[in-house]
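Read off the chains here:
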Amino acid sequence: WKNYAKETETIKQLIAQHKKNNGKRLLEVACGTGNYLQLLQTNFTLTGVDISADMLAVATAKLPNIPFVQADMQNFCLNQTFDVLLCLFSSIAYLKNYTELRQTLQNFYQHLAVGGVAIIEAFINANKYNPNKVHALYIDTEDVKLSRHSTAHLQDNVLQTTMHTLVTTKVGVEYFVEKHCLNLFEEQKVVALMQAIGFEVIVIPNGLMPDRNLYICKK
């Protein structure tokens, strides 16, 4: 359901609009399996960081010539700066509190070149959370039948979500349960942190996905 190609075109436009230097070095933090990087490889010199070895194994298979580093977004150290830094698909929401957010943003700032731009996608705003909404996702192809249902509740601005996934393939039927805790950081506090660190900040509501802020951070 996620249109990576369309989102990547938006990202390219934002980079062109807000980046003030001529560099082409791009770092994606929480790059996952490399879907965005695949679409950016003709425009930039890429590096990817992710905490998951399994995710990076998939990304490396897709992009064998790109360096990937397994590290946490709070404290990775690459000993170089980048002209573009991306942290997308609400990955920033997995940080537990504002202390971790401050440390992460400081790390982003240290890895961003002067004249560069960081683009950070938050999770939904707290006032957009609907406790009565029923969530489900279905995939029905010749080889895969998948049904994912989720429940969630909000506590102290942290959305605690449990996802139940049933998958049927020719190998058999499997059932998975995943639990996610997603921090709905308040926009005003996030902007204040970014500005205190030294970023010039622009907030784009409904940036790549509905009800999710996109923070454009310029150095």
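Every value quoted in this text rests on a predicted model; they were computed, and no experiment measured them.

What counts as what
- Residues numbered from 1 in each chain as written.
- Predicted model: local features only at pLDDT ≥ 70, side-chain atom pairs only at ≥ 80, totals over all residues.
- Heavy atoms only, no water.
- Salt bridge = Lys/Arg side-chain N within 4 Å of Asp/Glu carboxyl O.
- Buried < 20%, exposed > 50% of the residue type's maximum accessible area, 1.4 Å probe, protein only.
- Helix = DSSP H or I, 4+ residues; strand = E, 2+ residues; numbered from the N terminus.
- Core = buried A, V, L, I, M, F, W, Y, C linked by side-chain atoms within 4.5 Å.
- Contact = heavy atoms within 4.5 Å.
- Phe/Tyr/Trp six-rings, centres within 6.5 Å; stacked < 30°, edge-to-face > 60°.
- Lys NZ or Arg CZ within 6 Å of the ring centre and 35° of its normal.
- Pairing = 2+ DSSP bridges.
- Axes fitted to C-alpha atoms, helices over the stretch in contact; angles between N-to-C directions.

S.K.: What exactly am I supposed to notice about the pattern of salt bridges here?
M.R.: One pass over the structure, following the stated rule, counts 6 salt bridges. Across the pair Glu186 and Lys189 runs a salt bridge whose closest N-O atoms are separated by 3.8 Å. For Glu186, a relative accessible area of 37% corresponds to the partly exposed category. Residue Lys189 is classed as partly exposed on the basis of its relative accessible area of 41%. Among the salt bridges present, the one from Glu200 reaches Lys218, with a minimum N-O distance of 3.6 Å. Separated by 18 residues along the polypeptide, Glu200 in strand β10 (residues 200-204) and Lys218 in strand β11 (residues 212-218) bring together distant segments of the chain.

S.K.: Just checking my understanding: could you explain the nonpolar core for this structure?
M.R.: Among soluble globular proteins, nonpolar side chains are generally buried collectively. Phe108, Ile120, Met194 and Tyr215 are the most contacted members of the largest nonpolar core, which has 29 residues in total. When residues of this core are traced back to their parent elements, those giving at least two are β1 (25-29), β4 (82-87), α4 (98-111), β5 (112-124), α5 (187-197) and β11. No other element matches α5, which puts 5 residues into this core. Each residue touching Tyr215, except ones within four places of it in the same chain, is listed here: Ala118, Ile119, Ile120, Ala122, Glu187, Val190, Val191, Met194, Val201, Ile202 and Val203.

S.K.: Explain the packing of aromatic side chains here, please?
M.R.: When we look at a pair of aromatic rings, we describe it by the centre distance and by the angle of the planes. Inspection of every chain in the model, using the stated rule, returns 5 aromatic pairs. Between Trp1 and Phe89, the ring centres sit 6.2 Å apart and the planes meet at 75°, which makes this aromatic pair edge-to-face. Remark: Phe89 occurs in the loop between β4 and α4 and Trp1 occurs in the segment before α1 (4-18); sequence separation between them is 88 residues. Ring centres of Phe76 and Phe108 lie 6.4 Å apart, and the angle between their planes is 40°; this geometry places the pair in the tilted category. One end of the pair, Phe76, is in the loop between β3 (68-70) and β4; the other, Phe108, is in helix α4, and 32 residues separate them in sequence. The buried category is assigned to Phe76, whose relative accessible area is 2%. Its guanidinium or amino end placed over the ring of Tyr4, Lys2 lies 5.7 Å from that ring's centre, counting from NZ or CZ.

S.K.: Whenever I open this one, the sheet that holds strand β9 (residues 172-183) confuses me. Can you help?
M.R.: With antiparallel pairing, the 4 strands of this open sheet are ordered in space as β6-β7-β8-β9. The sheet is open, and its two edges are formed by β6 (135-140) and β9, each paired on a single side. Within the sheet, the average angular offset between the axes of one strand and its neighbour, ignoring direction, is 15°. Bridge count between strand β8 (residues 158-169) and β9: 12 bridges; the pairing is antiparallel. Considered in β9, the bridge of Thr169 is made with Gly172.

S.K.: Sorry if this is basic, but what is going on with the pairing of β11 here?
M.R.: Working note: regular strand, side chains alternate between the two faces of the sheet. Most of β11 sits inside the fold, with 7 of its 7 residues counted as buried. Taking every second residue as pointing to the same face, both faces of β11 are buried, with Arg212, Leu214, Ile216 and Lys218 on one and Asn213, Tyr215 and Cys217 on the other. In the sheet, β10 pairs with β11 via 5 bridges, with the strands oriented antiparallel. Each residue of the ladder has a partner; that of Glu200, found in β11, is Lys218.

S.K.: Can you help me understand the environment of Tyr98 in this one?
M.R.: Examined against the element boundaries, Tyr98 turns out to sit in helix α4. Sequence separation between Tyr98 and Leu193 is 95 residues; the distance between their C-alpha atoms is 8.7 Å. If we ignore the near neighbours within four places in the chain, the residues touching Tyr98 are Phe185, Glu186, Lys189 and Leu193.

S.K.: Can you walk me through the sheet that holds β5 in this structure?
M.R.: Neighbouring strands of a sheet are bound in pairs by backbone hydrogen bonds; such pairs are parallel or else antiparallel. One open sheet accounts for 7 strands, arranged β3-β2-β1-β4-β5-β11-β10; its pairing is mixed. Looking along the sheet, the strands with just one partner apiece sit at the ends: β3 and β10. If you compare each strand with its neighbour and ignore which way they point, the axes differ by 15° on average. Lying on the sheet, helix α3 (residues 53-62) is in contact with β2 (45-50) and β3; it crosses β3 at an angle near 170°. Set on the sheet, α5 makes contact with β5, β10 and β11; between it and β11 the angle comes to about 15°.

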